[in-house]
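Structural characterization, general
Chain by chain, the residues:
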Amino acid sequence: MPATDALSTPPRRSRALAAALIVSCLAPGTVWSQVEPRRPALKSIADTNDWNLYFDLGVEKLRRNPLDAAASFYWASRLAPDRAEPLYARWVAFWMRDQRRWIGYLRDEKEVLRLPEVIQADSLRYRAYLRNPFVHQGLTVLLFEQLPGRFRTDPATQGWIAYAEGDLMTAAARLGEAIASDSVRNRWVRQMRAGTLVALGQIDGALAEMQALLRQLRQEEDTVLVRSYESKDLVLYAIGLLYAGRGRTAQARDAYRQALAENLAFAPAHRSLARLATQRSDPATAVSELAQAVELEVDDPVLRYACE
């Protein structure tokens, strides 16, 4: 993630792009707010069933009014429950509302991490990754822009900024420099670089990064504490999606099964195994896998629709 030095000068401003979904995948159900926000008004000629319009409205409002932006992102996620972008944007909007709390979160302060609303917000981010492990994360830069100081000039930070601005070639190069300089400390930079390479259409390169990340995580097993969205089952799931995108179904199926070996309750792997079974005209297996997915995520309308 971007980092800022503790200087008194204001941080550099940058453009946050709402990029399109790179890898399409369906996964567990949406986490809704306890109180449904009022549906934002669109222009009179606008299609009120178009989630993109609500998402774009939220991006426009995010800097000046994160609460209104959150309402727009909420309705985008209601209209498109299978999309990752609105869920991730809701996570960003949550943190935009309270800079002090965001700083505490970055410092892993227990009193912040244990707050119910923080746990709920993190579940939004996790579910966004379940829908698409390579969902565009450029909006996160806005969270760091509001911190005191200016952005650092290290390769990881500058690569992140280039990624947020849509300069993918520069982003891939700078993120690669960060990994080469310290592959242990910057192990999760590999996931960001993989997403950048996916956006560039370089799937094999993305696979190489995710496989290297998986090897590191296995080497560090039981020694490093990670959060749910930094888990081996999610990494294996992402690898499976990349294999599937290359038409390498046997390797994809193996990656999904390894994800389930890591976490038997990982419903997205069952959903993806069902998709592979459908492709090879094996409806019995597809129905069985979907049934297991629905059993694990009983409140997910997307999975229930897939079972129809």
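Presented here is a report on the structure given in the accompanying data block. (Residues numbered from 1 in each chain as written. Predicted model: local features only at pLDDT ≥ 70, side-chain atom pairs only at ≥ 80, totals over all residues. Heavy atoms only, no water.)

1. Brief notes about the overall build of the protein
Condition: Going along the chain from the N terminus, every DSSP run of H or I of four or more residues is numbered as a helix, and every run of E of two or more is numbered as a strand. Residue exposure (1.4 Å probe, protein chains only): buried if accessible area is under 20% of the type maximum, exposed if over 50%, otherwise partly exposed. Throughout, a residue-residue contact means that at least one pair of heavy atoms, one from each residue, lies within 4.5 Å. Where accessible areas are quoted, they stem from the Shrake-Rupley method and a 1.4 Å probe; at the residue level, only the protein chains shown are allowed to cover.
Helix and strand counts for the protein come out as 16 helices and 0 strands. Each of the 308 residues in the protein was classed as buried or not, and the buried ones make up 52%. Long-range pairs, those at least 24 residues apart, make up 65% of the contacts in the protein with a sequence separation of at least 6. For the protein, the exposed surface amounts to about 14,800 Å²; the carbon and sulfur share of it is 49%.

2. A short note on unusual backbone geometry
At D108, a position not held by glycine, the phi torsion is positive, near 55°. Summarising the element assignment, D108 is placed in the loop between helix 4 (99-106) and helix 5 (110-113). Residue classification places D108 among the partly exposed residues on the basis of a relative accessible area of 45%. Look at S281: it is not a glycine, yet its phi comes out positive at around 60°. Looking at where S281 falls in the secondary structure, it is placed in the loop between helix 14 (267-279) and helix 15 (283-296).

3. Brief notes about the nonpolar core
Quick note on the threshold: Among buried residues, the Ala, Val, Leu, Ile, Met, Phe, Trp, Tyr and Cys ones that are joined through side-chain atoms within 4.5 Å form a nonpolar core.
Residues L62, W91, W95, M210 and F266 are the most contacted members of the largest nonpolar core, which totals 82 residues. Residues within four places of F266 in sequence aside, it is in contact with Y126, L130, D233, L234, Y237, A259, L260 and L296.

4. So, helix 13 (residues 249-262)
Quick note on the threshold: For a helix, the expected span equals 1.5 Å multiplied by the number of residues minus one. Each direction from the helix axis to a C-beta atom contributes to the arc, which is the arc of those directions.
Taking 1.5 Å per residue as the helical rise, helix 13 with its 14 residues ought to reach 20 Å, and the 20 Å between its terminal C-alpha atoms agrees with that figure. Of all the residues in helix 13, the buried ones are A252, R253, A255, Y256, A259 and L260. Mapping the buried residues of helix 13 onto a view down its axis gives an arc of 160°, with all of them on the same face. Of the exposed residues in helix 13, those oriented more than 90 degrees away from the buried face are R257 and A261. Residues of helix 13 that are buried in the fold lie against helix 12 (232-245) and helix 14.

5. Some words on empty space enclosed by the protein
Filter applied, for reference: The way it works is a 1 Å grid over only the protein atoms, where trapped points that fit a 1.4 Å probe form a cavity and open points with protein on both sides within 12 Å along at least five of seven lines form a pocket, and then any residue with an atom within 4 Å of a point lines it. Grid points are joined across faces, edges and corners, and a volume is the space filled by probe spheres set on the points. Each residue receives one of three labels: charged for Asp, Glu, Lys and Arg, nonpolar for Ala, Val, Leu, Ile, Met, Phe, Trp, Tyr, Cys and Pro, and polar for the others, Gly being one of them.
One pass over the full model with this rule turns up 2 cavities of 30 Å³ or more. One number sums up the size of the second largest cavity: a volume of about 40 Å³. In terms of residue count, the dominant contributor to the lining of the second largest cavity is helix 10 (residues 189-199) (3 residues). Here the residues of the lining of the second largest cavity are counted per class, giving 5 nonpolar, 3 polar and no charged.

6. Quick look at helix 2 (residues 66-79)
In a regular helix each residue adds 1.5 Å, so 14 residues correspond to 20 Å; helix 2 covers 20 Å between its end C-alpha atoms and thus fits that length. Among the residues of helix 2, those classed as buried are P66, A69, A71, S72, F73, Y74, W75, A76 and S77. On its buried side, helix 2 packs onto helix 1 (51-61) and helix 3 (85-96).

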